[in-house]
Amino acid sequence: MLIRSLRLRNIRSYIDERIVLSEGMTLLSGDIGSGKSTILLALEFALFGIQRGELSGASLLRHGCRTGSVTLSLRLGDKEVEIVRGLKRNDTAVSQDAGTLTVDGVTVDGTAQELKARVLELLNYPPSLLKGKGPLFRYTVYTPQEEMKAILYERPDTRLDTLRKLFDLDRYKRARENAALLLRDLRKADGELAARIEELGRDAADLAQLERQLAVLEGGLAAKEKLLAVATKGLAAQRAALDAAEKERFAVEELKKRHAVLLARSDATKARAADLATQRDSLKAQVEATAKGLSPLDIDPAALAAEEKRLSEFRLKLKEKERAIVKAESAQEAVIAAAEKVVSGISSLTDCPTCRQPVDESHKRHIRDDEGKKVADAKQRLGELAGLKRDLAAKEDSFEKKRAELFQKQKLVEANTVKLAALDEQKQRLGLQEGTLAKLAEQLAQMAAEEKRLAAELGTRTVDEDAYRAARKAADEAQAAESGLKVAVAELRRDAVAAAKEIARAKERALERDRREQERQRLRQRLDWLEHHFLAVAYAVEKALFHSVYGLFNDSFKEWFSLLLEDETISVRLDAEFTPLIVQDGYETGIEQLSGGEKTSVALAYRLALTRATNEFLSSVNTRDLLILDEPTDGFSSEQLDRVREVLHQLRLKQVIIVSHEAQMEGFVDHVLRVRKQGHESKVEA
């Protein structure tokens, strides 16, 4: 992999800066805090994106900016690649934005995770690095300054796990761990199977005893069933005798009930007949009294009706004559009043109101005479009319008398009619009572005959209560004996069924025990294979691979250290767990006892040895020709800086990028890029 250029927009102290990098060794020079390490962090961000716990978006995006981006151009084999990743700030955090990947002019968009997967594929890194943070790039290509010595202070098991991931050997550890988990589960299953087999063995030992118990139960059941059959027959005979006795007893009781009911009905009928006879005699007396109370009349009802009609017509004629007389009297009285008015008027009249001529006395007298004659005639007619009224009044009196006589006759007829109707009703009731009394007499005769018959039958039938009680007692005892035998038979059958089921289960458990034995044999074969073969092979393979790495790693570590620190009193080597062992003046000492420059020498030698071993072991990764060192000479003397040049030349890498503020380093690199910071903005100058 060869880095061609890197463009930073709003990344930390860079606003918009493009850094061009070439083959060979390039030094990023500048004061502390000028922005040198930012370039390396931006490079790592472009390749792998934000890494939780290692590289955050908030630590990269320039303060006050909403967006930022990094564009990385590089060459991978014969491919030209450009990666663009972005950052964006929201109200609460900084997150990755979507980016692009261009390979030989073909651009594809992708999320941060999609870009990381594609880059890992291009770098030919193990796919396991896609999730979480992978140590391969950090330990073989670029390690931040503050992490340079971290691997030296790790616990041995942690360091070995890191190396397993670097050399892609952690699958062997996972295989051993998974095998150990499987062994634990298999041993647990083996223990459970052993316990189950032991339990099933105890159950199988009880099978013979269960079969003997079943035979005893079946023999007892057969004997009880025979006794039950005999008891059932005896119970049937006792029940038949009891049924006959109960039938006879019931028949006699029914006869007694019928006899008692018949006597009660007979007494009730006799009482009713006596009441009816009393009512009949009373009704006869009423009939006789009603007949005596009839009035003797010799009246023809038709003649009586004709007379009533004639009187009504006569009364109408009288009323008409009365109205005519009254009218005639009114007319005569009007004539008299008119004549008297004329006489009165003519006496005081002097002139004629019509002709206005004087009226003489003779004319007045003549008029008075004529009017007087009219009055006399009218009075005479009134007298005649008065005579007619007197005659009419006499006829009215005669009419009223005849009408009263007719009314009395009508009342007598009506009274006799009511009495005759009552007499007819009484005679009908009397007839009905006589008929009812005859029927009751007939019923009483029948009842007397039936009562006599029932009494005779009761005299011939009797119930032996002692024999009945003895039959009932015998039947109850037979019932109790049969019930007891049924309960005993049911219990024996239940016990036999339970024993048969238990035998069946015992046989099933015996079969299950055989199956479990076979299953345990197969399980123990797997246990034996895992424990004595697989784990040994996995450990041996891992050990062999580690051993092949160890030789190159240890030799390179000692070689680089001896080049960096030419001191015969101090030497280094690796133990079996790849832990650096420092020997000073013939004694082992801890790394924390070394000076600053000596610690840096150990860390750099370990770092370079790790890079060489990884590149040799993982020859297919596409970052083998690139090395980035961040302040690798902290605490070095001038002489040690010269030794660093010799070490770097021996690496024979196509591209080495060194970040340092040591001016002496400029003398043995191919290119120098100076980083300057003015105010809050960093610039790169070639």
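Computed from a predicted model, the values in this text were never measured in an experiment. Numbers given to residues run from 1 along each chain, matching the order in which its sequence is written. Restriction of local features to residues with pLDDT of at least 70 applies here, the model being predicted, together with a cutoff of 80 or more for giving and counting side-chain atom pairs; totals for whole chains, interfaces and linings are based on all residues. Each side-chain value is derived from all of the structure's non-hydrogen atoms; neither hydrogens nor water enter the calculation.

J.: I'd like a rundown of the overall build of the protein chain, residues and numbers included.
T.: The secondary structure content of the protein chain amounts to 11 helices and 15 strands. Each principal axis of the C-alpha atoms in the protein chain carries an extent, and together these give about 200 × 140 × 45 Å. Whether a residue is buried, partly exposed or exposed follows from its accessible area with a 1.4 Å probe, protein chains only, as a fraction of its type maximum: under 20%, in between, or over 50%, in that order. Among the 686 residues that make up the protein chain, the fraction classed as buried is 36%. A helix here means a DSSP run of H or I that spans at least four residues, while a strand means a run of E at least two residues long, and both kinds are numbered starting from the N terminus.

J.: Residue-level account of the pairing of strand 6 (residues 94-103), with values.
T.: If a strand is regular, its side chains alternate between the two faces of the sheet. When DSSP finds two or more bridges between two strands, those strands count as paired. Sheet analysis places strand 5 (residues 79-89) next to strand 6, joined by eight bridges and oriented antiparallel. Bridge assignment links lysine 88 to a residue of strand 6, and that residue is serine 95. As paired elements, strand 6 and strand 7 (residues 106-110) share five bridges and run antiparallel to each other. Counted as the bridge partner of glycine 99 is glycine 110 from strand 7. What sits between the antiparallel neighbours strand 6 and strand 7 is a turn of two residues, in which aspartate 104 has the positive phi angle 50°.

J.: Let's hear about the nonpolar core: which residues, and what values?
T.: Buried Ala, Val, Leu, Ile, Met, Phe, Trp, Tyr and Cys residues that are joined via side-chain atoms within 4.5 Å together make up what is termed a nonpolar core. In terms of nonpolar packing, the biggest core is built from 100 residues, with Leu47 and Phe553 touching the most fellow members. Pairs of residues are marked as contacts when any of their non-hydrogen atoms sit within 4.5 Å. Apart from the residues lying within four places of it in its own chain, the contact partners of phenylalanine 553 are Leu163, Phe167, Leu574, Phe578, Tyr606, Ala609, Leu610 and Ala613.

J.: Please provide a residue-by-residue account of the packing of aromatic side chains, values included.
T.: Classification of ring pairs rests on two measures: the distance between centres of Phe, Tyr or Trp rings, Trp counted by its six-membered ring, which must be within 6.5 Å, and the angle between planes, read as stacked under 30 degrees, edge-to-face over 60 and tilted in between. Evaluated as defined, the whole model comprises six aromatic pairs. In textbook terms, an aromatic cluster arises when at least three aromatic residues are bridged by ring pairs, as seen for Tyr550, Phe553, Phe557, Phe578 and Tyr606.

J.: So what about unusual backbone geometry? Which residues, and what values?
T.: Backbone geometry places aspartate 104, a non-glycine residue, at a positive phi of 50°. Residue position: aspartate 104 is located in the loop between strand 6 and strand 7. Overall, the relative accessible area of 47% leaves aspartate 104 in the partly exposed class. Even without glycine at this site, arginine 652 takes up a positive phi of about 50°.

J.: Lay out the packing of helix 4 (residues 156-166) against helix 10 (residues 596-617) in plain terms, naming residues and giving numbers.
T.: Angles shown run from 0 to 180 degrees and are taken between the N-to-C directions of axes, each axis being a line fitted to C-alpha atoms and, for helices, limited to the stretch in contact. At their nearest, the axes of helix 4 and helix 10 sit 11 Å apart, and the two run at 40° to each other. Only Tyr606, Leu610 and Thr614 of helix 10 make contact with helix 4, whose side of the interface consists of Arg159, Leu163 and Leu166.

J.: Please provide a residue-by-residue account of the pattern of salt bridges, values included.
T.: Here a salt bridge means any side-chain nitrogen of Lys or Arg lying within 4 Å of a carboxyl oxygen belonging to Asp or Glu. The tally for this structure, following the rule as stated, stands at 24 salt bridges. Among the ionic pairs, arginine 4 bridges to glutamate 80, the shortest N-O distance being 3.1 Å. Taken as a pair, arginine 4 in strand 1 (residues 2-11) and glutamate 80 in strand 5 lie far apart in primary sequence, 76 residues in all. A salt bridge links arginine 516 to glutamate 519; its shortest N-O distance comes to 3.6 Å. Taken together, the residues arginine 516 and glutamate 519, both in helix 9 (residues 465-564) and three residues apart, mark about one turn of the helix. On the basis of relative accessibility, which here comes to 27%, the residue arginine 516 falls in the partly exposed class. Linked through salt bridges whose partners overlap, the residues forming this network are Arg4, Arg75 and Glu80.

J.: Tell me about the sheet that holds strand 2 (residues 14-20), residues and numbers included.
T.: Strands sit in the order 2-1-4-5-6-7 across an open sheet of six strands; the sheet is antiparallel. Of all the strands in the sheet, the pair left with one neighbour each is strand 2 and strand 7. Each strand of the sheet is rotated relative to its neighbour by a mean of 10°, with strand direction disregarded.

J.: Give a detailed account of the sheet that holds strand 14 (residues 671-678), specifying residues and quantitative values.
T.: Reading across the sheet, the six strands line up as 8-12-13-3-14-15 and stay open at both edges, with mixed pairing between neighbours. The sheet terminates laterally at strand 8 (142-143) and strand 15 (681-685), the two strands that pair on one side only. For strand 3 (residues 24-29) and strand 14, the ladder comprises four bridges, and the chain directions are parallel. Residue pairing in the sheet places leucine 27 in a bridge with valine 672 of strand 14. Packing against the sheet, helix 1 (residues 36-48) makes contact with strand 3, strand 8, strand 12 (626-630), strand 13 (655-660), strand 14 and strand 15, and its axis sits at approximately 140° to strand 13.

J.: Let's hear about the packing of helix 4 against helix 9: which residues, and what values?
T.: Between helix 4 and helix 9, the shortest axis-to-axis distance is 12 Å and the interhelical angle comes to 90°. By the angle class used here, helix 4 and helix 9 are roughly perpendicular. For the pair helix 4 and helix 9, the contacting residues are Leu160, Leu163 and Arg164 in the first and Glu542, Phe546 and Phe553 in the second. Gly is placed with the polar residues, together with every amino acid not listed as nonpolar (Ala, Val, Leu, Ile, Met, Phe, Trp, Tyr, Cys and Pro) or charged (Asp, Glu, Lys and Arg). Tallied by class, residues from the contact of helix 4 with helix 9 come to four nonpolar, no polar and two charged. Angles below 35 degrees are treated as roughly parallel, those above 145 as roughly antiparallel, those between 65 and 115 as roughly perpendicular, and all remaining angles as oblique.

J.: Talk me through the pairing of strand 12; I want residue IDs and the actual numbers.
T.: Of all five residues in strand 12, five are buried, a share of seventy percent or more. Side chains of strand 12 alternate between two faces, with Leu626, Ile628 and Asp630 and Leu627 and Leu629 buried alike. Bridging between strand 8 and strand 12 involves two bridges; their strand directions are parallel. Looking across to strand 12, one finds that threonine 143 is bridged to leucine 629. Alignment of strand 12 against strand 13, held across five bridges, turns out to be parallel. Bridged to isoleucine 628 within strand 13 is isoleucine 657.

Everything listed here is a matter of geometry and, on its own, says nothing about what the molecule does.
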